[in-house]
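Observations on the three-dimensional arrangement
Given next are the chains, with one letter for each unit.
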Amino acid sequence: MTGNETLQGYTPPKRKAPAVIMSGLCLAIAAACLILSGLGIGWRALLQLAAMAAAVAAIEITTRFILTEYTYTVVFGPDGADFTVSKTSGKKIKTVANIAMTTVKALTAHEGISALEKSHGHISRSFIYTANVFPIKKGQLKSSPETETKKYALVFEFNGDTDAIVIECSKDFADYINDILKTPADIGNDAGSEAR
């Protein structure tokens, strides 16, 4: 950033319970498979393979949904607006996506890749940057019972292909992005000062 940019960001709240349950279930399956393989009842190699797969799934779920946080930011600079996705794991912050808003075709409710392809053509690549296993429904967060998130697909063009990233955000933030998409490509800093 050069100091001439303004930005508007959104970090989805975390609801860790489903991920903790899924991870714990995978670990229990891994332990059960290892115990059964040690009893010599047959299928030893298959049980050990299942145990390894369940353990890897538990690690992936823990890393992806419990220890990782995403922040979506719209950065307004002299060349227009960019949409960025930052991934936070512990103290490490990494930008995993940076998309010029002039390349974005649409932000729509995510109902699967096949639904996206019906309205936007073939999707070459899709990337999932959602914070939770399932979007948050009203009443699920005790600290903020009115909070609700949904999955959205940001469809954009990159090197002649149509790609998509899946994000999880509030309707207000999705409306904010759609408002930006309706404005001219040379949007300036004044639009970035709107807060939602």
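Residues numbered from 1 in each chain as written. Predicted model: local features only at pLDDT ≥ 70, side-chain atom pairs only at ≥ 80, totals over all residues. Heavy atoms only, no water.

Let's shift gears to the packing of aromatic side chains. Evaluated as defined, the whole model comprises five aromatic pairs. Between Phe 127 and Tyr 129, the ring centres sit 6.5 Å apart and the planes meet at 5 degrees, which makes this aromatic pair stacked. Note on Tyr 129: relative accessible area 12%, which makes it buried. (Phe/Tyr/Trp six-rings, centres within 6.5 Å; stacked < 30°, edge-to-face > 60°. Buried < 20%, exposed > 50% of the residue type's maximum accessible area, 1.4 Å probe, protein only.)

With 25 residues, the main nonpolar core has Tyr 72, Val 74, Phe 83, Ile 165 and Phe 173 as its most contacted residues. The set of elements that each furnish at least two residues to this core consists of β2 (68-77), β3 (80-89), β4 (92-100), β5 (104-109), β7 (150-158), β8 (161-169) and α4 (171-182). Broken down by element, this core gets its largest block of residues, five residues, from α4. Aside from chain neighbours lying at most four places away, what touches Phe 173 is Gln 8, Gly 9, Tyr 10, Tyr 72, Val 74 and Phe 83. Of all hydrophobic cores here, the second largest spans seven residues; its members include Ala 19, Cys 26, Ala 58 and Val 133. (Core = buried A, V, L, I, M, F, W, Y, C linked by side-chain atoms within 4.5 Å. Helix = DSSP H or I, 4+ residues; strand = E, 2+ residues; numbered from the N terminus. Contact = heavy atoms within 4.5 Å.)

Mapped onto the fold, Thr 84 is located in strand β3. The exposure class assigned to Thr 84 is buried, which follows from its relative accessible area of 12%. When near neighbours in sequence (up to four residues on either side) are disregarded, Thr 84 contacts Thr 71, Tyr 72, Thr 73, Val 75, Ala 97 and Asn 98.

Let us look at the pattern of salt bridges. For the coordinates displayed, the defined rule picks out four salt bridges. With its nearest N and O atoms 3.8 Å apart, the salt bridge here joins Lys 105 to Glu 157. Separated by 52 residues along the polypeptide, Lys 105 in strand β5 and Glu 157 in strand β7 bring together distant segments of the chain. Salt bridges here are not isolated pairs; linked through shared partners, they connect Arg 125, Asp 161 and Asp 163. (Salt bridge = Lys/Arg side-chain N within 4 Å of Asp/Glu carboxyl O.)

None of the figures reported here should be taken as evidence of function without further support.
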